[in-house]
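Okay, here's what each chain looks like letter by letter:
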Amino acid sequence: MMKWLLLLALLFSFQTAAQSLKLAVKEPFLNIHSGAGRGYPIIYVAEKNETITVIKRHTSWYLISLENGQQGWAKQQELVETLTLDGKPFLVTDATLDAFENQTFSFGIALGQLEGVNSQSVNASWRFTRHLSSQLEYSYALGSVAKNQLVDLSVFHHPFPHWRFSPYLGIGAGQVWTTPKTPIIGGGDETRQSDLLSATVGLNTYITSRFVFKAEYKRFSALTERDVTEDLELWKLGITVFF
């Protein structure tokens, strides 16, 4: 498990760079602020037909680079009338939905059923491209017969990351620890450890702000010490917050 945590920490250290875009101001003027918010003072007023460069986005504000090298922030609604240098309108998308599509990290909790037993799960994910992400998850299920603990590292494919209702598929591998609830006399160490392979299908539903509702089905194949494969099914619903 420590190796997986170190791998996840390494993956988290990478960042993707944003691409810049040149625009032409078509309104009489465009106010440039010193920070991303109305409370920041106006440090420059770009005039009509002046060229500006959009560097990145933060909520409903855009970081702008001016021709003189100065940088500042412009409100989203004030960029609606700007044009690209080839004369096309600058398309402004919903800020929060755009953040959902381009998320990097997420953390979540979920409740579900593992083979008919109530389960709880926590997970951390890293989206390393628009269509691919990795997830490390820990699940716990305490039944009347045994306690199960599962750790699973998966890779997910997101075919439609721009959809508010975004399906995904995944495969993974991990470990399961099963401990009988009633001690076995003379049984020694009663915890059984098995390797896992998993297949996942799920649906992310963007709610609001940075919250996502997740519905997921995961099927595990566990190879036991007796070289017998046992199949486990996990259904769960949860909430994820992304960054």
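Shown above is the structure to which this text applies.
Residues numbered from 1 in each chain as written. Predicted model: local features only at pLDDT ≥ 70, side-chain atom pairs only at ≥ 80, totals over all residues. Heavy atoms only, no water.

Caption draft 1: The arrangement of unusual backbone geometry in detail. Positive phi is not limited to glycine here, since Asn49 has a value of about 75 degrees. A positive phi angle, near 50 degrees, is found at Glu115, a position not held by glycine.

Caption draft 2: Looking closely at the layout of surface pockets. In this model, the second largest pocket occupies a volume close to 270 Å³. Around the second largest pocket, the lining is made up of 17 residues, and of these Glu115, Ala146, Asn148, Thr178 and Leu232 lie nearest the centre. Looking at the lining of the second largest pocket, the elements with two or more residues in it are strand 11 (146–157), strand 12 (165–180), strand 13 (192–208) and strand 15 (229–242). (1 Å grid on protein atoms, 1.4 Å probe; cavity = no way out; pocket = protein on both sides within 12 Å on 5 of 7 lines; lining within 4 Å. Points joined across faces, edges and corners; volume = space filled by probe spheres on them. Helix = DSSP H or I, 4+ residues; strand = E, 2+ residues; numbered from the N terminus.)

Caption draft 3: Expanded view of the packing of aromatic side chains. Scanning all chains against the criterion turns up eight aromatic pairs. Plain terms: the ring middles of Phe100 and Phe242 are 5.9 Å apart, the flat faces sit at 55 degrees to each other, and that makes the pair tilted. Remark: Phe242 occurs in strand 15 and Phe100 occurs in helix 2 (residues 95–101); sequence separation between them is 142 residues. An identical accessibility class is assigned to Phe100 and Phe242; each is buried. Here Trp126 and Phe128 contribute two aromatic rings whose centre-to-centre distance is 5.2 Å and whose plane-to-plane angle is 35 degrees, an arrangement assigned as tilted. For Trp126, a relative accessible area of 9% translates into the label buried. Put simply, the rings of Phe100, Tyr206 and Phe242 pair up and form one aromatic cluster. (Phe/Tyr/Trp six-rings, centres within 6.5 Å; stacked < 30°, edge-to-face > 60°. Buried < 20%, exposed > 50% of the residue type's maximum accessible area, 1.4 Å probe, protein only.)

Caption draft 4: Quick look at the side chain of Ser154. Note on placement: Ser154 falls in strand 11. For Ser154, a relative accessible area of 1% puts it in the buried group. Polar contacts involving the side chain of Ser154 include one to the side chain of Asp152, which spans 2.6 Å. If we ignore the near neighbours within four places in the chain, the residues touching Ser154 are Ser133, Ser134, Gln135, Ile171, Gly172, Ser198 and Lys218. (Polar contact = N/O pair within 3.5 Å; in protein donor to acceptor, adjacent residues only side chain to side chain. Contact = heavy atoms within 4.5 Å.)

Caption draft 5: Quick look at the nonpolar core. Ranked by internal contacts, the top residues of the largest apolar core, which has 13 residues, are Leu30, Ile32, Ile52, Tyr62, Ile64, Ala74 and Leu79. For Leu79, the contacting residues outside a window of four places in its chain are Leu30, Ile52, Tyr62, Ala74 and Phe90. Leu114, Leu196, Leu232 and Leu234 belong to the second largest nonpolar core, which has nine residues in total. (Core = buried A, V, L, I, M, F, W, Y, C linked by side-chain atoms within 4.5 Å.)

By themselves, these observations are geometric and do not establish any function.
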